[in-house]
Amino acid sequence: KRSIVTLDNFLKTMREKGFTLIELLVVIAIIAILAAIVLVSVANVRNRSYDSRVESALNQIRTQAEIVYEESTPNAYTTVTCTHADIAPLCTDINSIIGANPTIASSADAYCAESVLKSSTSEYWCTDSTGRSKKYTANPACSAVAGAEVYTCE
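What counts, and where the lines are drawn
- Residues numbered from 1 in each chain as written.
- Predicted model: local features only at pLDDT ≥ 70, side-chain atom pairs only at ≥ 80, totals over all residues.
- Heavy atoms only, no water.
- pLDDT = per-residue confidence, 0-100.
- Helix = DSSP H or I, 4+ residues; strand = E, 2+ residues; numbered from the N terminus.
- Expected span 1.5 Å × (residues − 1).
- Buried < 20%, exposed > 50% of the residue type's maximum accessible area, 1.4 Å probe, protein only.
- Contact = heavy atoms within 4.5 Å.
- Disulfide = S-S within 2.5 Å.
- Arc of directions from axis to C-beta.
- Pairing = 2+ DSSP bridges.
- Patch = residues over 30% accessible without salt bridge, like charges linked within 9 Å, V, L, I, M, F, W, Y side chains within 5 Å.
- Areas by Shrake-Rupley, 256 points an atom, 1.4 Å probe, with all protein chains shown as cover.
- Salt bridge = Lys/Arg side-chain N within 4 Å of Asp/Glu carboxyl O.

A. Just the confidence of the model for the protein, in detail. Residues at a pLDDT of 70 or more form 89% of the protein, whose mean pLDDT is 87. The secondary structure element of the protein with the lowest average pLDDT is helix H1 (residues 7–17), at 70, and the one with the highest is helix H3 (residues 88–98), at 96.

B. View of helix H2 (residues 21–71). The terminal C-alpha atoms of H2 lie 74 Å apart, and with 51 residues this matches the ideal 75 Å at 1.5 Å per residue to within 8%. All of the buried residues along H2 are Asp-51, Val-54, Glu-55, Ala-57, Leu-58, Ile-61, Gln-64, Ala-65 and Val-68. As for H2, its buried residues are in contact with H3, strand E1 (103–106), strand E2 (111–116), strand E3 (124–128) and strand E4 (133–136).

C. Examining the state of the cysteines more closely. If you walk through the whole model with that rule in mind, you get 3 disulfides. At a sulfur-sulfur separation of 1.9 Å, the disulfide partner of Cys-126 is Cys-153. Disulfide Cys-126 to Cys-153: torsion about the S-S bond roughly -85°, handedness left-handed. Of this pair, Cys-126 sits in strand E3 while Cys-153 sits in the segment after E4; the two residues are 27 residues apart in sequence, bridging distant segments of the chain. Judged on exposure class, the residue Cys-126 and its partner Cys-153 are both buried. What links to what in the protein: the bonded cysteines, counted in sequence order, pair as 1-2, 3-5, 4-6.

D. Representation of H3. Those residues of H3 that fall on the buried side of the exposure criterion are Leu-90, Cys-91, Ile-94 and Ile-97. On an axial view of H3, the arc spanned by its buried residues comes to 120°, and they lie on one face. Of the exposed residues in H3, the ones pointing more than 90 degrees away from its buried face are Pro-89, Thr-92 and Ser-96. Of the residues flanking the end of H3, it is Gly-99, one or two places downstream, whose phi is positive at about 85°.

E. Highlighting the pairing of E2. Taking burial as the measure, the 6 residues of E2 include 5 buried ones, the bulk of the element. Alignment of E1 against E2, held across 4 bridges, turns out to be antiparallel. By the bridge assignment, Ser-106 is partnered in E2 with Tyr-111. What sits between E1 and E2 in their antiparallel hairpin is a turn of 4 residues. The pairing of E2 with E3 spans 5 bridges and is antiparallel. Its bridge partner lying in E3, Ser-115 is registered against Trp-125.

F. Quick peek at a nonpolar patch on the surface. A surface patch of nonpolar side chains, about 900 Å² in accessible area, is lined by Leu-21, Ile-22, Leu-25, Val-26, Ile-28, Ile-30, Ile-33, Leu-34 and Ile-37. With respect to the helices and strands, Leu-21 occurs in helix H2.

And the structure:
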């Protein structure tokens, strides 16, 4: 004869029986696995948000560079550097994320600004005076080194 399971009977049985050690360990293991998955996802999201900040700062440098060009007489990009008063805070923000200022190469008629991204040391964001502003999987090689100047993202 089957007995009818009531809430009172169930609770009485659970109080007397409880959970076994194996059941508790399985639940703890499941929780640990789920926590690990969440932590990995959070780390990836954080790095992508840092990348967005770097990209945004470089795009703002591009805007500031055009303002500098228009306000200088004669028109020139030569003062587009991390020491320029309007560009310095943007460079400081990038430095706080990746630990280094962006590379900015500028001449009278062109400039290039690039930085490595936080999520991958082999990915870069580059912007230049031709209007390019995009991600590169190799260093776009902006350079102000005498004899090896490169003022565009290539």
